[in-house]
Amino acid sequence: MLLLSRLYSGLPTICSANQTIPKFQQFKPTNDIIKRQLMEPKGTLEYAIALGFRAEVKDFQPYYVFNPRHVADLRIGAAILAEAIDLEEKKQEASKTK
């Protein structure tokens, strides 16, 4: 649940007016936090790729960079994550009341 929330929390930044600011459109897979929260959990990197991120090398450093042509995919992915988070929260609330 926490992982879904963290993935979802960054998507509005990319979908918003920050589309022209490169630092909001890329992540470095060698960063410790990115490694732990995005690279290591099963399926998260694949989800980022499905949303429009592609591997690139800049100044001999690996990055995953978002292609603005895929902003519709990103918005759909954000909506899917929001729905999954909402459903999981409802399940957790229901299990607490039982």
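Up top is the structure.
Residues numbered from 1 in each chain as written. Predicted model: local features only at pLDDT ≥ 70, side-chain atom pairs only at ≥ 80, totals over all residues. Heavy atoms only, no water.

Attention shifts here to the side chain of T44. Residue position: T44 is located in helix 3 (residues 44-50). In terms of polar contacts, T44 uses its side chain to reach the backbone carbonyl oxygen of P41, at 2.9 Å. (Helix = DSSP H or I, 4+ residues; strand = E, 2+ residues; numbered from the N terminus. Polar contact = N/O pair within 3.5 Å; in protein donor to acceptor, adjacent residues only side chain to side chain.)

Pairing between strand 2 (residues 53-58) and strand 3 (residues 61-66): 6 bridges, direction antiparallel. Residue pairing for strand 3: E56 is matched across the bridge by Y63. Where strand 2 folds back onto strand 3 in an antiparallel hairpin, the turn is made up of 2 residues, including D59, whose phi is positive at roughly 50°. (Pairing = 2+ DSSP bridges.)

Here strand 1 (residues 26-27) pairs with strand 3 via 2 bridges, running antiparallel. Along strand 3, the bridge assignment pairs Q26 with V65.

For the coordinates displayed, the defined rule picks out 3 aromatic pairs. Here the aromatic rings of F27 and F53 are separated by 5.4 Å at their centres, their planes lie at 55°, and the arrangement is tilted. Taken as a pair, F27 in strand 1 and F53 in strand 2 lie far apart in primary sequence, 26 residues in all. In this structure F53 comes out as buried when scored by relative accessible area, which is 5%. When the centroid spacing of 5.4 Å and the interplanar angle of 50° are considered together, the rings of F53 and F66 count as tilted. Taken as a pair, F53 in strand 2 and F66 in strand 3 lie far apart in primary sequence, 13 residues in all. This pair shows no difference in class: F53 is buried, exactly as F66 is. A connected cluster of aromatic rings, assembled from ring pairs, spans F27, F53, Y64 and F66. (Phe/Tyr/Trp six-rings, centres within 6.5 Å; stacked < 30°, edge-to-face > 60°. Buried < 20%, exposed > 50% of the residue type's maximum accessible area, 1.4 Å probe, protein only.)

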